[in-house]
Amino acid sequence: MQATRHKSKYNFLFFIAWLAVSFYLILRTYFVDITDDEAWSYFNVKHFWWVETLCSGNTHWFNFAAIKAALLLGFEKAWQLRWFSLLSGITFLYVAYLWIKSLDNLVIKLFAFSLLFLNPYVIEYLTLARGYSAALCFMALSLYFYTTTDKKFIVSLSLLFAGCSAIANFNFFYFFVPFTAIYFHKYYFQYRFTCFKNKQFYIDGLYALSIVFLVLRALAFIKECSNDIGSFGGEDLVTSVFGSFIDTLLYGKLLLPSLLKYILSYELLVLVITACVYGLASFKRHANNLYYYSSLILLGMLFLVVFNNWVFHVLYPTERTALMFYPLIVIVIVLFFNYISIKPMLKNSMLYLGSVLLMINFSVNAKLVSGYDHSYCMNTNQYFEYLGNTKAKKVCLAVEVYFVYLKYYQYTNAAFYAESINEYKTNQKYLFKHKLQDFEYLLLLPPYNLSYYKKSPIRLKTVKYFPDTKALIVKVEKK
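Let me begin by describing the structure that accompanies this report. Worth saying up front: this structure is predicted, and the values here are computed from it rather than measured. (Residues numbered from 1 in each chain as written. Predicted model: local features only at pLDDT ≥ 70, side-chain atom pairs only at ≥ 80, totals over all residues. Heavy atoms only, no water.)

Points about the overall build of the protein chain
So, step 1. Looking only at helices and strands, one finds 22 helices and 5 strands in the protein chain.
So, step 2. Its C-alpha radius of gyration of 25 Å places the protein chain within 12% of the 23 Å reference for a compact globule of 479 residues.
So, step 3. Taken along the three principal axes of its C-alpha coordinates, the protein chain extends 85 × 55 × 45 Å.
So, step 4. The buried share of the protein chain, taken over its 479 residues, is 52%.
So, step 5. Nonlocal contacts in the protein chain, meaning residues at least 24 apart in sequence, comprise 72% of its contacts between residues at least 6 apart. (Helix = DSSP H or I, 4+ residues; strand = E, 2+ residues; numbered from the N terminus. Rg over C-alpha atoms; globule rule 2.2 N^0.38 Å. Buried < 20%, exposed > 50% of the residue type's maximum accessible area, 1.4 Å probe, protein only. Contact = heavy atoms within 4.5 Å.)

Structure (structure tokens):
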């Protein structure tokens, strides 16, 4: 009784913290301008052509359906398109809170909270209309239902949600495969031929095979059609997966020397492998199903990405595509420190220090108007509102925001609709020399260098400067 009371002593504080971070998700969902990837998804829903939609790895199926539902109801603002990701993100964090409640003491609860709730990059993707938030949510639900009950009709939900995670984002197929293997071994294959007498075996088997077929067929179509997922990734497991966790956690604010980054990445890999091996080898001692099965699944996922790289030359996941590893990595690391036998004072000092550093990092990097991956899309709404107020009809846009306008703003921003529009790349002299005079305004993003137009028959006059992004709107005038 006393141990139970001690375990639940601080849970109310973490519930308040969950509410606070959920409110932060709501604010980010509302204030962040639409990103180019979201704009592409919006366009594919708005002007549906099945070939273009299925040809792109950017099409995440549940997110696509959520955007379609929003459009059917007449909702087209960026924050309205993100409703499903926001709901998924809040649910993901709530499942994480339920896990934190079950941990033994304050220091380990605080460490788990800091890792799961205070990673600015994870928070970023919980608020964008992409498939990552939904996939993380379904993964969390899958692990929750699999490890917290023995009731078969409830455990079956874990397989359902594991399949949903793979459909929500195809990267999470790496999670679905080892999870499904463990699931079928535990409930069917260890009983050998008696499983064929179980009706549920055929239901689960048909569902699992359907997920495998859908994902593999979709990936094959993408590869044949565009192969736009084949170029994003890395050649090295340590720097691609574990190195990207370091870069994204620091949110690009602190650039580490390459050697130091590699050492830290390798240390993180060693820590994760050690935590997994310890979780498997000492199962009889800790008897924690979540720790045991998370270790198995994570090792299975790492094996699959290495196998695919060596055999099929598939690039290693990195940055957002590596998010599928993050919840499992947090689980095994937190539970490793929870159960490992070292001096309590040393352990507590390490965990408190780690938690404080994560809190400081989050407070420095938390943003309401931009992100790590799409910082160039910040202020796009302001850009086009200003151009609309100038009554501009012929505009040349920086390539970073060209597709955002082309795929989203020209359909939703009535204040600005260009009759003639083009894109430019930094220092693309040919475009300027031959077409610059055809435009009324230019929207420029740094680095910009217009010194070589001093002798041209036009004059560029700065009419608006945006200090946050250092963007310029210049008017094209004849000399």
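Next comes the rest of the account.
Quick word on helix α13 (residues 199-225)
So, step 1. For α13, built from 27 residues, the straight-helix expectation of 39 Å at 1.5 Å per residue is met to within 8% by its first-to-last C-alpha distance of 39 Å.
So, step 2. For α13, the full list of buried residues reads F201, D204, G205, A208, I211, V215, A218, F221 and I222.
So, step 3. Against α4 (50-54), α5 (61-72), α11 (152-168) and α12 (173-187) lie the buried residues of α13.
So, step 4. By the N-cap criterion, in which a side-chain oxygen at the helix start approaches the backbone nitrogen of a residue two or three places on, α13 is capped by N198, the distance to Q200 being 2.9 Å.
So, step 5. Following α13 by one or two positions, N227 adopts a phi angle in the positive range, close to 55°. (Expected span 1.5 Å × (residues − 1). Polar contact = N/O pair within 3.5 Å; in protein donor to acceptor, adjacent residues only side chain to side chain.)

Description of the state of the cysteines
So, step 1. By the definition in use, this model includes 1 disulfide.
So, step 2. Not part of a disulfide, C164 finds its nearest cysteine sulfur in C137, a span of 9.8 Å.
So, step 3. Overall, the relative accessible area of 13% leaves C164 in the buried class. (Disulfide = S-S within 2.5 Å.)

A word on unusual backbone geometry
So, step 1. Here E319, not a glycine, exhibits a phi torsion of approximately 50°, which is positive.
So, step 2. Turning to its location among the elements, E319 is positioned in the loop between α17 (289-312) and α18 (326-339).
So, step 3. With a phi angle near 60°, K470 is a residue other than glycine that sits in the positive phi range.
So, step 4. As for its position among the elements, K470 is in the loop between β4 (458-466) and β5 (471-478).
So, step 5. For K470, a relative accessible area of 46% corresponds to the partly exposed category.

Here's the deal with the packing of helix α10 (residues 132-147) against α17
So, step 1. Here α10 crosses α17 at 130°, and the two axes come no closer than 10 Å. With respect to each other, α10 and α17 are oriented oblique. The handedness of the crossing between α10 and α17 comes out as right-handed. Taken together, the residues of α17 that come into contact with α10 (itself represented by L143, Y146 and T147) are N289, L290, Y293, S294 and I297.
So, step 2. For the contact of α10 with α17, the class distribution of residues is 5 nonpolar, 3 polar and no charged. (Axes fitted to C-alpha atoms, helices over the stretch in contact; angles between N-to-C directions. Parallel < 35°, antiparallel > 145°, perpendicular 65-115°, else oblique. Left-handed = near helix turned anticlockwise from the far one by under 90°. Nonpolar A, V, L, I, M, F, W, Y, C, P; charged D, E, K, R; others polar.)

Considerations on the pattern of salt bridges
So, step 1. On inspection of all chains with the given rule, the structure shows 6 salt bridges.
So, step 2. K261 is the partner of D247 in a salt bridge, and the nearest nitrogen-oxygen pair spans 2.5 Å. Here D247 is found in helix α14 (residues 237-250), whereas its partner K261 is found in helix α15 (residues 258-281), with 14 residues between them in sequence.
So, step 3. On the accessibility criterion, K261 (21% relative accessible area) is partly exposed. (Salt bridge = Lys/Arg side-chain N within 4 Å of Asp/Glu carboxyl O.)

A word on the nonpolar core
So, step 1. In terms of nonpolar packing, the biggest core is built from 115 residues, with W99, F117, F175, Y183, L298, F325 and V334 touching the most fellow members.
So, step 2. Not counting residues within four places of it along the chain, the set of residues in contact with F175 comprises M139, S142, L143, A162, S165, I297, M301 and L328.
So, step 3. Listed in part, the 32 residues of the second largest apolar core include L387, A392, L397 and Y405. (Core = buried A, V, L, I, M, F, W, Y, C linked by side-chain atoms within 4.5 Å.)

Describing the pairing of β4
So, step 1. Here β4 pairs with β5 via 8 bridges, running antiparallel. The residue of β5 that forms the bridge with T462 is V474.
So, step 2. Connecting the antiparallel pair β4 and β5 is a turn made up of 4 residues, with K470 showing a positive phi of about 60°. (Pairing = 2+ DSSP bridges.)

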